[in-house]
Amino acid sequence: MSLASKGLVDTADSDLNSVRNENAGGNQLFPVFLKLNKLHTVVIGAGKVGLEKLTAIMHNCNTARVTVISAAVIHEVSALAVAYPTINVIQKVLLIATWMAST
């Protein structure tokens, strides 16, 4: 059942289709707001990008429960784990097939 058939979208408004067409090649990211204090977050990788993600998570909620899984862990990630007791770092190689089998 479509949104239009539920009366949630005005089908007379053709601007929606033009927005879809204009942005087809643009930014495909979708901003999401999460209650980090209610979730257990997993960050895969503990390099520069993982550090960026971990820092952003902890900056927004210093009580967030985060598990970081990575074969190699840079010093800055280890330092954050020492500073925040809710960060758990697991140093191991994670194969996608292994992860998918456990979900």
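Here's a quick rundown of the structure. (Residues numbered from 1 in each chain as written. Predicted model: local features only at pLDDT ≥ 70, side-chain atom pairs only at ≥ 80, totals over all residues. Heavy atoms only, no water.)

Some remarks on the overall build of the protein chain
Broken down by element type, the protein chain carries four helices and three strands. Each helix and strand of the protein chain, ordered N terminal to C terminal, gives the series α-β-α-β-α-β-α. In the protein chain, buried positions account for 19% of the 103 residues. Taking all contacts inside the protein chain whose residues are at least 6 apart in sequence as the whole, residues at least 24 apart take part in 47%. (Helix = DSSP H or I, 4+ residues; strand = E, 2+ residues; numbered from the N terminus. Buried < 20%, exposed > 50% of the residue type's maximum accessible area, 1.4 Å probe, protein only. Contact = heavy atoms within 4.5 Å.)

Thoughts on the side chain of Ser70
Tracing the sequence through the fold places Ser70 in strand β2 (residues 65–73). One polar contact links the side chain of Ser70 to the main-chain carbonyl oxygen of Ala72, over a distance of 2.6 Å. (Polar contact = N/O pair within 3.5 Å; in protein donor to acceptor, adjacent residues only side chain to side chain.)

Some points on the layout of surface pockets
Of the voids in this model, the largest pocket is the one considered here, and its volume is about 210 Å³. What lines the largest pocket is simply Leu34, Leu36, Thr41, Glu52, Lys53, Ala56, Ile57, Asn60 and Cys61. No other element matches the five residues that helix α2 (residues 48–60) contributes to the lining of the largest pocket. Within the lining of the largest pocket, the residues separate by chemical class into five nonpolar, two polar and two charged. (1 Å grid on protein atoms, 1.4 Å probe; cavity = no way out; pocket = protein on both sides within 12 Å on 5 of 7 lines; lining within 4 Å. Points joined across faces, edges and corners; volume = space filled by probe spheres on them. Nonpolar A, V, L, I, M, F, W, Y, C, P; charged D, E, K, R; others polar.)

Comments concerning the nonpolar core
Ranked by internal contacts, the top residues of the largest apolar core, which has 15 residues, are Leu54, Ile57, Met58, Ala64, Val66, Val68 and Ile87. Those elements giving two or more residues to this core turn out to be β1 (40–46), α2, β2 and α3 (75–83). With four residues, the single largest contributor to this core is α2. Beyond its immediate stretch of four places on either side in the chain, Ile57 contacts Leu36, Thr41, Val43, Ala64 and Val66. (Core = buried A, V, L, I, M, F, W, Y, C linked by side-chain atoms within 4.5 Å.)

Concerning the sheet that holds β2
Pairing is parallel in the open sheet, where three strands are placed in the order β1-β2-β3. Each of the sheet's edge strands pairs with one partner strand only, and the pair in question is β1 and β3 (87–91). Sheet twist, expressed as the average angle between the axes of neighbouring strands with direction ignored, equals 20°. (Pairing = 2+ DSSP bridges. Axes fitted to C-alpha atoms, helices over the stretch in contact; angles between N-to-C directions.)

Topic: the side chain of Thr41
Within the secondary structure, Thr41 sits in strand β1. Its relative accessible area of 17% is what places Thr41 among the buried residues.

Remarks on the environment of Gly45
Examined against the element boundaries, Gly45 turns out to sit in strand β1. Taking the C-alpha atoms as reference points, Gly45 and Ile90, separated by 45 residues in sequence, lie 10.0 Å from one another. Beyond its immediate stretch of four places on either side in the chain, Gly45 contacts Gly50, Val68, Ile69 and Ser70.

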